[in-house]
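For reference, the chains in residue letters:
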Amino acid sequence: MTPHPKSRPYPRAIGAAAVCGALVLTGCGAEHKSSTPSGTAPATPLASTTIAAGGIACGKAANLLASGSTAQQYAMRYWIKNFTRACPGTRITYNGTGSGAGQTDFLQGRTALAGSDSALSPDQIAQSKSVCADGGRAVDLPMLGGPIAVGYNVRGVSKLVLDAPTLAKIFDSQITMWNDPAIAKLNPGTTLPKMPIRPLHRADASGTTDNFTSYLSATASSAWPYKHGKQWVAKGGQSATGSSGLATKVKQTAGAIGYFELPYAIDNAIPTTSIATGAPSPVDPNIINASKAIAGAKMSGSEGDITLTLDYTTKAANAYPIDMVTYEVVCNKGNKPATWPATKAFLAYIAGQKGQQDLSFEGYATLPADVIAKVRASIDSMP
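Keep in mind it's a predicted model, so treat the numbers as computed, not measured.

### Things to note about the environment of Asp180
No. 1: Topologically, Asp180 is positioned in the loop between helix H4 (164-171) and helix H5 (181-186).
No. 2: For the pair formed by Asp180 and Met195, sequence separation is 15 residues and the distance between their alpha carbons is 9.6 Å.

### So, the packing of helix H10 (residues 340-351) against helix H12 (residues 369-381)
No. 1: Two elements in contact, H10 and H12, have axes whose closest approach is 10 Å; the angle formed by their N-to-C orientations is 165°. The angle between H10 and H12 falls in the class roughly antiparallel. Classified by chirality, the crossing of H12 by H10 is left-handed. Taking contact as the criterion, the partners of Lys344, Leu347, Ala348 and Ala351 in H10 are, on H12, Ile372, Val375, Arg376, Ile379 and Asp380.
No. 2: When its residues are assigned to classes, the contact of H10 with H12 shows six nonpolar, no polar and three charged.

### With respect to unusual backbone geometry
No. 1: One non-glycine residue, Ser173, lies in the positive phi region at around 60°.
No. 2: On the secondary structure map, Ser173 appears in the loop between H4 and H5.
No. 3: For Ser173, a relative accessible area of 31% translates into the label partly exposed.
No. 4: Phi at Ala269 takes a positive value of approximately 55°, unusual for a residue other than glycine.
No. 5: Within the secondary structure layout, Ala269 lies in the loop between helix H8 (262-267) and strand S10 (274-276).
No. 6: Residue Ala269 is classed as partly exposed on the basis of its relative accessible area, which comes to 31%.

### Section: the state of the cysteines
No. 1: All told, the structure shown has two disulfides when counted by the stated rule.
No. 2: Between the sulfur of Cys58 and that of Cys87 lies a disulfide, 2.1 Å long from S to S. Linking Cys58 and Cys87, the disulfide has an S-S dihedral of approximately -80° and is accordingly described as left-handed. Note that Cys58 is positioned in the loop between strand S1 (22-25) and strand S2 (63-68) and Cys87 in the loop between helix H1 (73-86) and strand S3 (91-95), a separation of 29 residues in sequence. There is no split in this pair, since Cys58 and Cys87 are both buried.
No. 3: Counting its disulfide-bonded cysteines in sequence order, the protein shows a connectivity of 1-2, 3-4.

### Overview of the packing of aromatic side chains
The geometry of an aromatic ring pair is captured by two quantities: the separation of the ring centres and the angle between the planes.
No. 1: Inspection of every chain in the model, using the stated rule, returns 11 aromatic pairs.
No. 2: Between Tyr152 and Trp178 the ring centres are 6.5 Å apart and the planes differ by 50°, which places this aromatic pair in the tilted class. Placement of the pair is Tyr152 in strand S5 (residues 138-152) and Trp178 in the loop between H4 and H5, with a sequence separation of 26 residues.
No. 3: Using a relative accessible area of 1% as the deciding quantity, one classes Tyr152 as buried.

### Observations regarding the pattern of salt bridges
No. 1: By the definition in use, this model includes four salt bridges.
No. 2: The salt bridge involving Asp105 is made with Arg110; its shortest N-O contact spans 2.7 Å.
No. 3: Judged by relative accessible area, which is 15%, Asp105 ranks as buried.
No. 4: Take Arg110: its relative accessible area is 45%, and that puts it in the partly exposed class.
No. 5: Asp204 is paired through a salt bridge with Arg202; the nearest N and O atoms lie 2.8 Å apart.

### Regarding the nonpolar core
No. 1: One finds Trp79, Leu167, Phe171, Ile257 and Phe346 to be the most contacted residues of the largest nonpolar core, which totals 95 residues.
No. 2: Excluding residues that lie within four positions of it along the chain, Phe346 makes contacts with Met76, Trp79, Ile80, Phe83, Ile92 and Leu113.
No. 3: Ranked by size, the runner-up nonpolar core spans nine residues in total, among them Phe106, Leu120, Ile125 and Cys132.

### Section: the pairing of S2
No. 1: As paired elements, S2 and S3 share five bridges and run parallel to each other. In the sheet register, Leu64 faces S3, and the bridge partner there is Ile92.
No. 2: Here S2 pairs with strand S4 (residues 113-116) via three bridges, running parallel. The residue of S4 that forms the bridge with Gly68 is Gly115.

### A closer look at the side chain of Arg137
No. 1: For Arg137, the position within the fold is in the loop between helix H3 (122-128) and S5.
No. 2: Under the relative-accessibility criterion, Arg137 is labelled buried at 8%.
No. 3: The residues touching Arg137, leaving out its near neighbours within four places in the chain, are Ile125, Ser128, Lys129, Cys132, Ser302, Glu303, Asp305, Val330, Cys331, Asn332 and Lys333.

### Thoughts on the environment of Glu362
No. 1: Topologically, Glu362 is positioned in the loop between helix H11 (353-356) and H12.
No. 2: For Glu362, a relative accessible area of 13% puts it in the buried group.
No. 3: Between the C-alpha atom of Glu362 and that of Tyr78, which follows or precedes it by 284 residues, the distance is 8.4 Å.

About the cut-offs
- Residues numbered from 1 in each chain as written.
- Predicted model: local features only at pLDDT ≥ 70, side-chain atom pairs only at ≥ 80, totals over all residues.
- Heavy atoms only, no water.
- Helix = DSSP H or I, 4+ residues; strand = E, 2+ residues; numbered from the N terminus.
- Axes fitted to C-alpha atoms, helices over the stretch in contact; angles between N-to-C directions.
- Parallel < 35°, antiparallel > 145°, perpendicular 65-115°, else oblique.
- Left-handed = near helix turned anticlockwise from the far one by under 90°.
- Contact = heavy atoms within 4.5 Å.
- Nonpolar A, V, L, I, M, F, W, Y, C, P; charged D, E, K, R; others polar.
- Buried < 20%, exposed > 50% of the residue type's maximum accessible area, 1.4 Å probe, protein only.
- Disulfide = S-S within 2.5 Å.
- Phe/Tyr/Trp six-rings, centres within 6.5 Å; stacked < 30°, edge-to-face > 60°.
- Salt bridge = Lys/Arg side-chain N within 4 Å of Asp/Glu carboxyl O.
- Core = buried A, V, L, I, M, F, W, Y, C linked by side-chain atoms within 4.5 Å.
- Pairing = 2+ DSSP bridges.

What follows is the structure, given as structure tokens:
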């Protein structure tokens, strides 16, 4: 179980209001070091590029509109604040509308980039060729990872262990009471109330849902008769929009259980379940355990596209299995000329050393060094 947020090394300065809706920030600061991997030739400088104090390459000033994943809103707030202080001529608006809506916005040409917790499908990549000029296509750039916590609201239960089959049955309304024998077996010595379980899921198309249902379908196929996807399809339960909305509803609903990224559990002081994976002991959803699991992901992609396939079935000690990787989506060429210099500069910053450090304090896990190096090389190569 995740300890109470005040006992964790993460600040809670980012309140729920700060991560709901649009983030529009200017006038904050950061330092930056070169993001070009060793042995890689630096990219040709962008037109009108300026180097701000601290070494951030600002690109040509522009107003950038982006949307998508609510999972990365805490990170986006941090990145936008730092980048726009160094580059005050650029304004960045990030709307946390969910991964599905963010992908749609980008593929319809409404935004400079999209945030998504799921990689684009082959059909979406084909569709992107109509908005990416010069023969370009959309690519996925992984920027951060983290655990998807399963938060609950059961008075008197401070520690809770669940496994994949039990989670699947809870979220499919097959297990409906907190004192069910399957839950009791995983929690010997814990007094579980005779109380209805109120499962909650995302109402909007969500990469968090995609990752959570990928875990269930990979590890509990006999109890979870559905394919993974961004839209919730299981039986029963109530819904809420966005990770913030879902976390708020769990906090307000006695007997509730839901899934959302760790920062939302921390910010709302919601206890989270430990997951029995077959490892020597149940695994808590924290950034160290998530990083260990993400390190085992398989990397693939071409033409600048980089995707990670997570191993949801891991039984390694201290490897938390329910994780997400968040991507930024842009064109590998043919981005809009008016906003691309600033967009590329922003991407170079967030993938760089300064953009990647300290994300643990926002509740995110670091990606493997070889993945980030490849992301930096991909960004540098984009015209």
